[in-house]
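Topology and contacts: notes
So you can see what is in the structure, the chains are spelled out below.
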Amino acid sequence: MKEENQPQKPTHTVEDYLMRMLVMERDHGAIVSARLAELLEVAPPTVAMTLRRMERDGYVVGRGGKTLHLTPLGREFGYSVTRRHMLIEWLLIKIFKVPLRQVHDEAHGLEHAISETLEERMVEILGDPKVCPHGNPMPGFEEFVANWKPVLSMKTGQSGIIRRIHENAEDDHDLLEYLIENELLPGQQLSLANFLPFNQTCTVVANGKEHTLGLRTASQIFVELE
């Protein structure tokens, strides 16, 4: 039975918003509604309406100003759904042998239904992972990945081990498929052959093969430098 002062659990839609808002605030310091609409693939008026409800319910503040931020309550629920999502991804890979290309979408269909009791059991079974299968940090473990740098920060000739594919790439099916097909995934060694800002590309070498990446793609791949 829900206690009288216990906050009501967000709807599935609001949880989806909170997951993306956590990443945006972590990376950029604030939340931009136009970018949120792009990531969620919904119309800006729909985002505006949802944000009004979220501000009313105490999940965000600042909608009427220049910057939008999560409240402590919004961040708490955002952490919860993100953690459940990442644990499900690991469970799908380790127990059910679901391919990496599928786990992100499959987890979205399950993350809203996991109870706290089941979440604790999953943590125990999976060994309390600090990152998701794509290398992104579990909520509260951002410092664990702090030394992993995007390919764009590498110098020509520098090498490292791919450790992380950014959350935004997980939602880009074509990009994720490209990275999987070309083995540009966590655990693979990578070196930067050249960087050509004038045509917005760089060339990397992984598994003995050269790959020409657009700078947007390169910005989604993080390495631990050697």
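What counts, and where the lines are drawn
- Residues numbered from 1 in each chain as written.
- Predicted model: local features only at pLDDT ≥ 70, side-chain atom pairs only at ≥ 80, totals over all residues.
- Heavy atoms only, no water.
- Domains from an automatic or database assignment.
- Contact = heavy atoms within 4.5 Å.
- Buried area = accessible area lost by both parts, 1.4 Å probe.
- Salt bridge = Lys/Arg side-chain N within 4 Å of Asp/Glu carboxyl O.
- Polar contact = N/O pair within 3.5 Å; in protein donor to acceptor, adjacent residues only side chain to side chain.
- Helix = DSSP H or I, 4+ residues; strand = E, 2+ residues; numbered from the N terminus.
- Buried < 20%, exposed > 50% of the residue type's maximum accessible area, 1.4 Å probe, protein only.
- Phe/Tyr/Trp six-rings, centres within 6.5 Å; stacked < 30°, edge-to-face > 60°.
- Axes fitted to C-alpha atoms, helices over the stretch in contact; angles between N-to-C directions.
- Parallel < 35°, antiparallel > 145°, perpendicular 65-115°, else oblique.
- Left-handed = near helix turned anticlockwise from the far one by under 90°.
- Nonpolar A, V, L, I, M, F, W, Y, C, P; charged D, E, K, R; others polar.

Next up on the list: the domain arrangement of the protein chain. As assigned here, the protein chain comprises domain 1 (8-144) and domain 2 (149-225). A separation of 25 Å is found between the C-alpha centroids of domain 1 and domain 2. On the side of domain 2, 14 residues touch domain 1, which itself brings 19 residues to the contact. When domain 1 packs against domain 2, close to 1300 Å² is buried across both sides, 45% of that on carbon and sulfur atoms. Of all residues in domain 1, the largest losses of buried area upon contact with domain 2 belong to R101, H134 and N136, amounting jointly to 40% of the total for that side. Applying the counting criterion to the domain 1 and domain 2 interface returns 3 salt bridges. Across the pair R20 and D171 runs a salt bridge whose closest N-O atoms are separated by 3.5 Å. At the junction of domain 1 and domain 2, the tally comes to 12 residue pairs in polar contact (both at pLDDT 80 or more). Looking at the side of domain 1 that touches domain 2, the elements with two or more residues in it are α1 (12-28), α2 (33-40), α4 (72-94) and α5 (100-108).

Let's shift gears to the pattern of salt bridges. Counted by the stated rule, this structure contains 15 salt bridges. Measuring nitrogen to oxygen at the nearest pair gives 3.1 Å for the salt bridge that ties D128 to R83. Here D128 is found in the loop between α6 (116-126) and β3 (149-150), whereas its partner R83 is found in helix α4, with 45 residues between them in sequence. Take D128: its relative accessible area is 29%, and that puts it in the partly exposed class. For D172, the salt bridge goes to R216, with nearest N and O atoms at 3.1 Å. Of this pair, D172 sits in the loop between α7 (167-170) and α8 (173-181) while R216 sits in helix α9 (residues 215-218), placing them 44 residues apart in sequence. R216 sits in the exposed class, given a relative accessible area of 54%.

Let us now look at unusual backbone geometry. Even without being glycine, D128 reaches a positive phi, approximately 50°. For N207, which is not glycine, the phi dihedral falls at a positive 55°. In this fold, N207 is placed in the loop between β6 (201-206) and β7 (209-214).

Here we come to the packing of aromatic side chains. The final tally for this structure, using the stated rule, is 2 aromatic pairs. On the numbers, 6.0 Å between centres and 85° between planes, the contact of Y59 with F77 is edge-to-face. Here the residue Y59 occupies a position in the loop between α3 (44-56) and β1 (60-61), and F77 occupies one in helix α4, the gap between them amounting to 18 residues. With a centroid separation of 5.9 Å and an interplanar angle of 75°, the aromatic rings of F144 and W148 are classed as edge-to-face.

This next bit is on the packing of α4 against α5. Look at α4 against α5: their axes get within 9 Å of each other, and the N-to-C directions meet at 135°. When the axes of α4 and α5 are compared, the pair comes out oblique. Where α4 crosses over α5, the handedness of that crossing is right-handed. Residue-level inspection shows H85, I88, E89, L92 and I93 of α4 in contact with α5, the latter providing L100, V103, H104, E106, A107 and H108. Among the residues making up the contact of α4 with α5, the classes are represented as 6 nonpolar, 3 polar and 2 charged.

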